[in-house]
Amino acid sequence: MARTIAKDHDEKRAALLKTAAGFFAENGYDRASMNELAKACGVSKALIYHYYESKDALLFDILHSHLTELLETVEALPSAEKPQEGLLALTQAILAAYRDADAEHKVQINALGALPEESQRELRAIQRRLVAIMSDRIEATAPELFAGRPELLRPVAMSAFGMLNWFYMWHRDGGDLSREAYAGLATDLILGGLERIADGKAAIPETIA
């Protein structure tokens, strides 16, 4: 007989993922034991294994859920009348999605490489899609520049994610700069940098590896 799924299965799973993400972020994935995790979650280790067959399976679900939700958020963004507005909307959406997900984000940065290669490939495919979306929005703001120097697009897109991905390291809610304000600052830095490159004032060589 097939096992029936409890009505609160999804709620319990979501709570487990959230607590586990915080535990892995604080203690380090490699050092964290399932016994300690069970205590942090206030459940038995057997219950965790009821949901996940291994610690790797739990980590994969944390990261897959986090990245999938982020991808769904940015893919749902409407097209903007002005490319600059579209880039701002994207940076705002990413930072909004990162709210209350600092632990998941830290675990993504620090622990994704601990997973089996097949799991890593699936997660990195989502990451590549996110980078492609950022690249498209950045390219739209300076199509002539990137037509002449296409090798710059990926470095600029990755630099944009660098500004956004490390936001959690120093920002504190209630401080002088809100998430919305920082999204505007990051967008202005990108656009200002592209303008400087287009004007030939940037301190980069004409060709990059």
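Just so you know, these numbers come straight off a predicted model, no measurement behind them. (Residues numbered from 1 in each chain as written. Predicted model: local features only at pLDDT ≥ 70, side-chain atom pairs only at ≥ 80, totals over all residues. Heavy atoms only, no water.)

Brief notes about the side chain of Thr187
Then, in step 1: Positionally, Thr187 belongs in helix 11 (residues 179-198).
Then, in step 2: Contact partners of Thr187, with chain neighbours within four places excluded, come to Gln84, Leu87, Leu88 and Thr91. (Helix = DSSP H or I, 4+ residues; strand = E, 2+ residues; numbered from the N terminus. Contact = heavy atoms within 4.5 Å.)

Looking at the packing of helix 5 (residues 83-98) against helix 9 (residues 153-165)
Relative placement of two packed helices is described by the angle separating their axes and the distance separating the axes.
Then, in step 1: Helix 9 packs onto helix 5 with a crossing angle of 35° between their chain directions and a minimal axis gap of 10 Å. In this structure, the crossing between helix 5 and helix 9 has a hand that is right-handed. Contacts between helix 5 and helix 9 pair Thr91, Ile94, Leu95 and Tyr98 from the former with Phe161, Leu164 and Asn165 from the latter.
Then, in step 2: The residue makeup of the contact of helix 5 with helix 9, split by class, is five nonpolar, two polar and no charged. (Axes fitted to C-alpha atoms, helices over the stretch in contact; angles between N-to-C directions. Left-handed = near helix turned anticlockwise from the far one by under 90°. Nonpolar A, V, L, I, M, F, W, Y, C, P; charged D, E, K, R; others polar.)

Considerations on the pattern of salt bridges
Then, in step 1: Applying the stated criterion to the full structure yields five salt bridges.
Then, in step 2: Among the salt bridges present, the one from Lys18 reaches Glu104, with a minimum N-O distance of 2.8 Å. Here Glu104 lies in helix 6 (residues 102-111) and Lys18 lies in helix 1 (residues 9-27), a separation of 86 residues in the sequence.
Then, in step 3: The buried category is assigned to Glu104, whose relative accessible area is 10%.
Then, in step 4: Arg149 is the salt-bridge partner of Glu151, the closest N and O atoms lying 3.1 Å from each other. (Salt bridge = Lys/Arg side-chain N within 4 Å of Asp/Glu carboxyl O. Buried < 20%, exposed > 50% of the residue type's maximum accessible area, 1.4 Å probe, protein only.)

What to know about helix 9
Then, in step 1: Compared with the 18 Å implied by 1.5 Å per residue over 13 residues, the 18 Å span of helix 9 between its first and last C-alpha is a close match.
Then, in step 2: Leu153, Val156, Ala157, Ala160, Phe161, Leu164 and Asn165 are the residues of helix 9 that are buried.
Then, in step 3: The secondary structure elements touched by the buried residues of helix 9 are helix 5, helix 6, helix 7 (117-141), helix 8 (143-148), helix 10 (167-170) and helix 11. (Expected span 1.5 Å × (residues − 1).)

Some remarks on unusual backbone geometry
Where the residue is not glycine, phi is negative for most of them; where a peptide bond is considered, it is trans in most cases.
Then, in step 1: If you check the backbone angles, Asp100 has positive phi at about 65° while not being a glycine.
Then, in step 2: Take Asp100: it is sitting in the loop between helix 5 and helix 6.
Then, in step 3: With relative accessibility at 61%, the residue Asp100 sits in the exposed group.

Things to note about the nonpolar core
Then, in step 1: Residues Phe24, Ile94, Met134, Ile138 and Phe146 are the most contacted members of the largest nonpolar core, which totals 57 residues.
Then, in step 2: Per element, the largest residue contribution to this core is nine residues, and it comes from helix 4 (residues 55-75).
Then, in step 3: Residues within four places of Phe24 in sequence aside, it is in contact with Tyr29, Ala32, Leu37, Lys55, Leu58, Ile62 and Val107. (Core = buried A, V, L, I, M, F, W, Y, C linked by side-chain atoms within 4.5 Å.)

Examining a nonpolar patch on the surface
Then, in step 1: A cluster of nonpolar side chains, namely Ile109, Trp166, Met169 and Trp170, defines an oily patch on the protein surface of about 420 Å² accessible area.
Then, in step 2: As for its placement among the helices and strands, Trp170 is situated in helix 10.
Then, in step 3: On the basis of relative accessibility, which here comes to 46%, the residue Trp170 falls in the partly exposed class. (Patch = residues over 30% accessible without salt bridge, like charges linked within 9 Å, V, L, I, M, F, W, Y side chains within 5 Å. Areas by Shrake-Rupley, 256 points an atom, 1.4 Å probe, with all protein chains shown as cover.)

Some remarks on the packing of aromatic side chains
Then, in step 1: Per the stated rule, a full pass over the model turns up six aromatic pairs.
Then, in step 2: Taken together, a centroid distance of 5.2 Å and an interplanar angle of 80° make the contact between Phe167 and Trp170 edge-to-face. Taken together, the positions of Phe167 and Trp170, both in helix 10 and three residues apart, correspond to about one turn of that helix.
Then, in step 3: Phe167 gets classed as buried once you look at its relative accessible area, which sits at 2%.
Then, in step 4: When the centroid spacing of 4.8 Å and the interplanar angle of 25° are considered together, the rings of Phe167 and Tyr182 count as stacked. Placement of Phe167 in helix 10 and of Tyr182 in helix 11 is noted, with a sequence separation of 15 residues between them. Take Phe167 and Tyr182: they sit in the same class, and that class is buried.
Then, in step 5: In this structure, Lys55 packs its charged tip against the face of Tyr29, placed 4.5 Å from the ring centre. (Phe/Tyr/Trp six-rings, centres within 6.5 Å; stacked < 30°, edge-to-face > 60°. Lys NZ or Arg CZ within 6 Å of the ring centre and 35° of its normal.)

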